[in-house]
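Examination of the molecular architecture
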Amino acid sequence: DGKFTYSRIISVDTRSIVREVSIYPNPASTEINVTNSDDGPLLVRFLNQHGKLIHSKTIEEPVAKIDVSDLEEGIYLIETVGVEEKKVQKLVISR
C-alpha cells in the first residue's frame, strides 16, 4: 500500500558494559587490593600529585594485593590501563 512508519531507534554501546577496576581500602596504610573484571592484564601506575610516575605494576589476576607501605602519606593518582580502558582514581595514604 506504499505506507511506512518510523520506529524508535535503540542502540547498544558495548563500551558502556562496565569493566570495573576497584581499588580499596581508600584511604590505605600498608596495602591495597585491586580488582580487575577485565579479561587480560592490567597496568597499575602510581603517580604523585605532580604526575610523576612513582611505581608501576602489571597484574594478571582478578584480585591483587599491592604493597604501598613504602609510599609517603599523601594523595596519589592511580592510573589503571586495561585492554580497552584507562581510568584514573585518587588514593589517599594515611597512617
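Preceding block: the structure.
Let me sum up the structure you'll find in this document. (Residues numbered from 1 in each chain as written. Predicted model: local features only at pLDDT ≥ 70, side-chain atom pairs only at ≥ 80, totals over all residues. Heavy atoms only, no water.)

Each helix and strand in the protein was counted, giving 0 helices and 7 strands. Relative to the 2.2 N^0.38 estimate, which gives 12 Å for 95 residues, the radius of gyration of the protein is 19 Å and therefore markedly larger than a compact globule would have. Expressed along its principal axes, the backbone C-alpha trace of the protein runs to roughly 75 × 25 × 20 Å. For the protein, the proportion of its 95 residues judged to be buried stands at 27%. In the protein, the proportion of contacts linking residues at least 24 apart, taken out of those at least 6 apart, comes to 51%. Counting only carbon and sulfur atoms, one obtains 52% of the accessible surface of the protein, whose full area is about 6,900 Å². Within the protein, the 15 negative side-chain charges are centred at a point lying 6 Å from the centre of the 12 positive side-chain charges. (Helix = DSSP H or I, 4+ residues; strand = E, 2+ residues; numbered from the N terminus. Rg over C-alpha atoms; globule rule 2.2 N^0.38 Å. Buried < 20%, exposed > 50% of the residue type's maximum accessible area, 1.4 Å probe, protein only. Contact = heavy atoms within 4.5 Å. Areas by Shrake-Rupley, 256 points an atom, 1.4 Å probe, with all protein chains shown as cover. Lys, Arg positive; Asp, Glu negative; His and termini not counted. Charge placed at Lys NZ, Arg CZ, Asp CG, Glu CD.)

Quick look at the pattern of salt bridges now. Per the counting criterion, the structure on display carries 3 salt bridges. Close ionic contact of E31 with K65 constitutes a salt bridge, the shortest N to O distance being 3.7 Å. Here E31 is found in strand β2 (residues 31-36), whereas its partner K65 is found in strand β5 (residues 63-67), with 34 residues between them in sequence. Overall, K65 belongs to the exposed group, its relative accessible area being 52%. The salt bridge involving K86 is made with E79; its shortest N-O contact spans 3.5 Å. Judged by relative accessible area, K86 falls into the exposed class, the value being 58%. Taken together, the shared-partner salt bridges in this structure form one network comprising R45, E79 and K86. (Salt bridge = Lys/Arg side-chain N within 4 Å of Asp/Glu carboxyl O.)

Now for the sheet that holds strand β4 (residues 53-59). Strand order in this open sheet of 4 strands is β4-β3-β6-β7, and the pairing throughout is antiparallel. Bordering the open sheet on either side are β4 and β7 (86-93), each of which pairs with just one other strand. Within this sheet the neighbouring strands show an average axis-to-axis angle of 20 degrees, counted without direction. Relative to β7, strand β6 (residues 74-81) runs antiparallel, the two being bridged by 8 bridges. Across the sheet, G74 pairs through a bridge with I93, a residue of β7. (Pairing = 2+ DSSP bridges. Axes fitted to C-alpha atoms, helices over the stretch in contact; angles between N-to-C directions.)

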